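Architecture at a glance
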There are 2 protein chains.
Amino acid sequence: MKDHKFQRKALQVKEAQAKIIKYANPLEPQEISLNDCCGRYLAEEVIAPHPFPAFNRSSMDGYAIIAADTKHCVNGQFVWLEMVDNIPCGAVASVDITSGTAARIMTGAQVPSGADTVVMLEVTETREEEGKTYVGILKKQEAKSNITPMGLELSPGELVLPAGRLISAGDIAVLAAFGIHTVKVYRRPKVAVFATGTELLEVHEPLQPGKIRNSNSPMLEALVKEAGGEPVMLGSIVDDLELARSKVQMALDTYDFVITTGGVSVGDYDIMGDLVREQSGDMLFNKVTMRPGSVTTAAVRGGKLLLALSGNPGACFVGFQLFARPVIRLMQCASQPFLPEWSATLGADYNRVNDFTRFVRARLEIRDGSLYAFPAAIDESSVMVTIKDSDCLIVVPPEERGLSAGAKVTIIKLPGEICG
Amino acid sequence: MKDHKFQRKALQVKEAQAKIIKYANPLEPQEISLNDCCGRYLAEEVIAPHPFPAFNRSSMDGYAIIAADTKHCVNGQFVWLEMVDNIPCGAVASVDITSGTAARIMTGAQVPSGADTVVMLEVTETREEEGKTYVGILKKQEAKSNITPMGLELSPGELVLPAGRLISAGDIAVLAAFGIHTVKVYRRPKVAVFATGTELLEVHEPLQPGKIRNSNSPMLEALVKEAGGEPVMLGSIVDDLELARSKVQMALDTYDFVITTGGVSVGDYDIMGDLVREQSGDMLFNKVTMRPGSVTTAAVRGGKLLLALSGNPGACFVGFQLFARPVIRLMQCASQPFLPEWSATLGADYNRVNDFTRFVRARLEIRDGSLYAFPAAIDESSVMVTIKDSDCLIVVPPEERGLSAGAKVTIIKLPGEICG
């Protein structure tokens, strides 16, 4: 048994990711209100049903006229046009504009037929004569000025938003403009989370010798939400194989995806590792060539994924970002499930020698338009305090034997804003 | 009246921001569950109540021993130590370790008194003799190996999290580890949003000539949520000064902050502009030297802020990000209320000539560790479709007369992930 535990077949991170995402199947689409769709993933592409803008729109308060009527403006002489209409926003013209006439028009109103330009209110004068109003214009006007033409932004049939897109506030504006008040998105996965470990106290419990509070579960709860899932918190269990087996089975039967933390190392109480190994046919991997989190374990049972993360906070965090987050996003058909990889300049020396690829928690700074990544002072897998100050992971390949400040590195951008 | 409208005193963006944030007063703190606090702002600093880790912790499965007991390991000869204890995670030692003895210990367990190092399980052997178990070690061990010392991450009294910090998943892990199961945060502001404009249709209504659907309200709803506020959607009203006055008054009486869109231009129906001007004592500004959004207007009444944004979608969006977002965040005492400003390289020529500072919607790309900002193809203030594809605003000062690709520019990073 012990030998078997030690002899795990290690996969590269990308191999392990490829194995797990094969089982990250899309959930059912559902129709939700436009007001609730920010942060969800579009289940179908959105095609423009009509031109946008839907009409030639005045972009100024002023007068809709025929530009050619002003072609003789010279030497400070006014051209006077008869005002025949007044078009507030939301109204339509009552008459067409013909040569010698003008319509008062508001910003955003539909330009009347016949008019080909709008002259700004500020450069006009008016006079009354025999109950009629005349608009005086001093300067020659160009056609098409201050008019936003129909369809400038989008033509009918044009792709507005592709399927799989994460819906933003700007997307909502476009959907609203096209009258799309309900949106088809994929259901959020219900993600069961529990921790294993006889050492675990609930957060509200006082400390006891040798015990620690369960900090991974609340962290995972927040991470699941951030990834777009609905966390279902199943607490923590003591190190007991039978208990773990029934809890995992119940969770897999009931929820879309199960994440555990703890119990995947090589010790005698590594119950999640044992649990997955005992039905080895469905194990996807139980060793990954990464630090932290080399013991990250995944299995599929009845079509559902079980991801057993390390109990070390740093390893749990990194394992979540590399494996759980893409799964949660793919279950919603996200077109970009993985975190972005960028290059950056290493901001400080990094001297740890690694046998596996290391994912070093780090903080980005932008200096004069360039990205610098500063590794956290302590990046043991067991260390928790650096998670909160990290906005990226520096990828340090195993062949590196220390990296100097100024080296080009690849970083994985973590979700959220860049710290510096 | 008309002349008065034209002669607005224009403020620089930073001046206008300084004016409005003076009235962005912090709301009451409230105590919420740790599970609900991600994305909220800490109302008080968090100080470590105990060392973390709270005990010397084994970072390996193996044996806790006294390193000096192995100093005579040479020539492949085992040193044999008597195993006197077995310490799973969460347990405490039953005896101290003395010279010649060892305790089996799990990853994460408390190192027993007397032991000063942990030797990995994988490099040990065991043998049974007369009912006792002996642990064989081949190599000399260094003291302090595989032990995470008490207080490595944090000492008692150390600052863990400062007040005003946006709480992340990593912060939640630290709070949980210290047993902080309720967290003091500032209440989210209730932000009333309504639109003005006779041209506005509800999102579900069919198009009508000259009318447009109200897309700004749903966009603002999403933006308020993203900034940490609770939007209260008050619909849209026709262009009627009386109606607007009573709606604004009701909203100011009832909610923490009021945002309107539309009615701030120079036309005859610019009711929000009129409304603010008629009680000019409380007006903060009604012209800002920016494009889009130069007509952005703010007032304070009874201690509550009213922000009247342009009805043009692009101007509404930019005005929100520059003025409303900092207010919403400051009402929660955010330590960093403003969007970050970075420098970047302009990715494509930008040729618009500006009288005011222009905030050009743009998309960032990271190429070989450097930031490139690509201006949107059309950035009229009235244009909506480019909002969704922008992750930053390029700040183009008024003196610029066209910028060439490769120029250094300042950008304002918009909330959310970088597109490319």
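From a predicted model like this one, the values you see are computed outputs, not experimental measurements. (Residues numbered from 1 in each chain as written. Chains lettered and ligands numbered in written order. Predicted model: local features only at pLDDT ≥ 70, side-chain atom pairs only at ≥ 80, totals over all residues. Heavy atoms only, no water.)

We now examine the interface of chain A and chain B. Between chain A and chain B, the residue contacts involve 90 residues of the former and 90 residues of the latter. A buried area of about 7,100 Å², summed over both sides, lies between chain A and chain B, and 62% of it is on carbon and sulfur atoms. Linking chain A with chain B are four salt bridges. Taking the shortest distance from any N to any O, the salt bridge between Glu417 of chain A and Lys413 of chain B comes out at 3.4 Å. Connecting chain A to chain B are 28 residue pairs in polar contact (both at pLDDT 80 or more). Among the secondary structure elements, those contributing two or more residues to the side of chain A that touches chain B are helix H1 (2–6), strand S11 (159–161), helix H3 (169–177), strand S15 (212–213), helix H4 (216–226), strand S22 (341–346), strand S25 (370–375) and strand S28 (408–413) of chain A. Among the elements that take part in the side of chain A that touches chain B, H3 of chain A stands out by supplying eight residues, more than any other. Broken down by class, the residue content of the side of chain A that touches chain B amounts to 46 nonpolar, 23 polar and 21 charged. (Contact = heavy atoms within 4.5 Å. Buried area = accessible area lost by both parts, 1.4 Å probe. Salt bridge = Lys/Arg side-chain N within 4 Å of Asp/Glu carboxyl O. Polar contact = N/O pair within 3.5 Å; in protein donor to acceptor, adjacent residues only side chain to side chain. Helix = DSSP H or I, 4+ residues; strand = E, 2+ residues; numbered from the N terminus. Nonpolar A, V, L, I, M, F, W, Y, C, P; charged D, E, K, R; others polar.)

Bringing the relation of the copies chain A and chain B into the picture now. Rotating chain A by 180° and translating it 0.0 Å along the rotation axis places it on chain B, where the RMSD comes to 0.1 Å. Such values leave the two copies arranged in the relation of a two-fold axis. Taking the C-alpha atom as reference, chain A places Ser370 of chain A closest to the rotation axis, 2.1 Å from it. Comparing contact sets, 100% of the residues at the interface of chain A also lie at the interface in chain B, consistent with an isologous, same-surface contact. (Least-squares fit on C-alpha atoms with pLDDT ≥ 70 in both.)

Attention now goes to the sheet that holds strand S18 (residues 283–285) of chain A. All names here are of chain A. Sheet architecture is open: six strands sit in the order S16-S13-S17-S21-S20-S18, paired in mixed fashion. The open sheet has two free edges, formed respectively by strand S16 (230–237) and S18, since each of these has just one partner strand. Across this sheet, the average inter-strand angle for adjacent strands is 20°, counted without regard to direction. With five bridges connecting them, strand S13 (residues 190–196) and strand S17 (residues 257–261) associate as parallel partners. Paired with Val191 across the two strands is Phe257, which belongs to S17. Contacts from helix H2 (residues 13–21) reach S18, strand S20 (297–301) and strand S21 (304–309), with the element oriented near 150° to S18. (Pairing = 2+ DSSP bridges. Axes fitted to C-alpha atoms, helices over the stretch in contact; angles between N-to-C directions.)

Attention now goes to the packing of aromatic side chains. Residues and elements named next belong to chain B. All told, the structure shown has six aromatic pairs over all chains when counted by the stated rule. Aromatic side chains Phe78 and Trp80 sit 5.0 Å apart centroid to centroid with 35° between the ring planes, which places their arrangement in the tilted category. With relative accessibility at 28%, the residue Phe78 sits in the partly exposed group. Taking relative accessible area as the criterion, Trp80 reaches 30% and is therefore assigned partly exposed. (Phe/Tyr/Trp six-rings, centres within 6.5 Å; stacked < 30°, edge-to-face > 60°. Buried < 20%, exposed > 50% of the residue type's maximum accessible area, 1.4 Å probe, protein only.)

What follows covers the domain arrangement of chain A. Residues and elements named next belong to chain A. Domain assignment breaks chain A into domain 1 (2–27 + 187–330), domain 2 (30–52 + 152–186), domain 3 (57–148) and domain 4 (341–413). Each of domain 1 and domain 2 has a C-alpha centre, and the two are 35 Å apart. At the junction of the two partners, domain 1 supplies six residues and domain 2 supplies six residues. Across the domain 1 to domain 2 interface the summed buried area is about 510 Å²; carbon plus sulfur atoms make up 46%. Applying the counting rule to domain 1 against domain 2 returns zero salt bridges. Across the contact surface, domain 1 and domain 2 share two residue pairs in polar contact (both at pLDDT 80 or more). Broken down by class, the residue content of the side of domain 1 that touches domain 2 amounts to three nonpolar, no polar and three charged. (Domains from an automatic or database assignment.)

Another aspect to go through is the side chain of Lys211 of chain B. Residue and element names in this part refer to chain B. Examined against the element boundaries, Lys211 turns out to sit in the loop between strand S14 (200–201) and strand S15 (212–213). With no salt bridge to any partner, buried Lys211 finds its closest opposite charge in Glu205, at an N-O distance of 7.6 Å. Polar contacts involving the side chain of Lys211 include one to the main-chain carbonyl oxygen of Thr198, which spans 3.3 Å. (Lys, Arg positive; Asp, Glu negative; His and termini not counted.)

Moving on to the pattern of salt bridges. For the structure on display, the rule yields 30 salt bridges over all chains. The partner of Glu230 of chain A in a salt bridge is Lys190 of chain A, with the nearest N and O atoms 3.2 Å apart. Of the two residues, Glu230 of chain A sits in strand S16 while Lys190 of chain A sits in strand S13, which places them 40 residues apart along the sequence. Taking the relative accessible area as the measure of exposure, Glu230 of chain A reaches 33% and is therefore partly exposed. On the basis of relative accessible area, Lys190 of chain A is assigned to the partly exposed category, the value being 35%. The network of salt bridges with common partners includes Arg165 and Asp171 of chain A together with Lys388 and Asp389 of chain B.

What follows deals with the pairing of strand S8 (residues 124–129) of chain A. Sheet topology places S8 of chain A next to strand S9 (residues 132–137) of chain A; six bridges connect them, and they run antiparallel. The residue of S9 of chain A that forms the bridge with Thr124 of chain A is Ile137 of chain A.

To continue, consider the packing of H4 of chain A against helix H7 (residues 313–330) of chain A. Residue and element names in this part refer to chain A. One way to put it is that H4 packs onto H7 with a least axis distance of 10 Å and a crossing angle of 25°. Taken as axis vectors, H4 and H7 run roughly parallel relative to one another. Crossing of H4 over H7 shows right-handed handedness. For the pair H4 and H7, contact is made by Asn216, Met219, Leu220, Leu223, Val224 and Glu226 and by Pro313, Cys316, Phe317, Phe320, Gln321 and Ile328, respectively. Among the residues forming the contact of H4 with H7, the class breakdown is nine nonpolar, two polar and one charged. (Parallel < 35°, antiparallel > 145°, perpendicular 65-115°, else oblique. Left-handed = near helix turned anticlockwise from the far one by under 90°.)

Below, the discussion takes up the side chain of Arg104 of chain A. With respect to the helices and strands, Arg104 of chain A occurs in strand S6 (residues 101–105). Of the polar contacts made by the side chain of Arg104 of chain A, one reaches the backbone oxygen of Gly62 of chain A; its length is 3.3 Å.

Our next topic: the sheet that holds strand S8 (residues 124–129) of chain B. Residue and element names in this part refer to chain B. Reading across the sheet, the six strands line up as S7-S4-S6-S5-S9-S8 and stay open at both edges, with mixed pairing between neighbours. Strands at the two margins of the open sheet, each flanked by one partner only, are strand S7 (117–120) and S8. Between one strand axis and the next, the sheet turns through 40° on average, direction left out of account.

To continue, consider H7 of chain A. Residue and element names in this part refer to chain A. Over its 18 residues, H7 extends 24 Å from the first C-alpha to the last, a length consistent with the 26 Å expected when each residue adds 1.5 Å. Its axis deflected by about 40° at Phe320, H7 carries its strongest bend there. Counting buried residues along H7, 18 of its 18 residues qualify, which places the element largely inside the surrounding structure. (Expected span 1.5 Å × (residues − 1). Bend = angle between axes of the 7 residues up to and from the residue.)

All names here are of chain A. With respect to the element layout, Val232 can be found in strand S16. With a relative accessible area of 19%, Val232 lands in the buried category. A sequence separation of 41 residues divides Val232 from Val191, and the C-alpha atoms of the two residues are 5.7 Å apart. If near-sequence neighbours (up to four positions away) are discounted, Val232 is found in contact with Lys190, Val191, Ala192, Val193 and Tyr255.

Moving on to H4 of chain A. Among the eleven residues of H4 of chain A, nine are classified as buried, and the element is accordingly described as predominantly covered. Taken residue by residue, H4 of chain A has Asn216, Ser217, Pro218, Met219, Leu220, Glu221, Ala222, Leu223 and Val224 of chain A as its buried positions. Among the structural elements, S13, S16, S17, S21 and H7 of chain A together with helix H3 (169–177) of chain B are those in contact with the buried residues of H4 of chain A. Positive phi appears at Gly228 of chain A, one or two residues downstream of H4 of chain A, with a value of about 100°.

What follows deals with the environment of Gly90 of chain B. Take Gly90 of chain B: it is sitting in the loop between strand S5 (79–87) and strand S6 (101–105). On the accessibility criterion, Gly90 of chain B (11% relative accessible area) is buried. Between the C-alpha atoms of Gly90 of chain B and Lys132 of chain B, which are 42 residues apart in sequence, the distance is 24 Å. Every residue in contact with Gly90 of chain B, bar those within four places of it in the chain, is listed here: Thr198, Glu199, Pro209, Gly210 and Lys211 of chain A.

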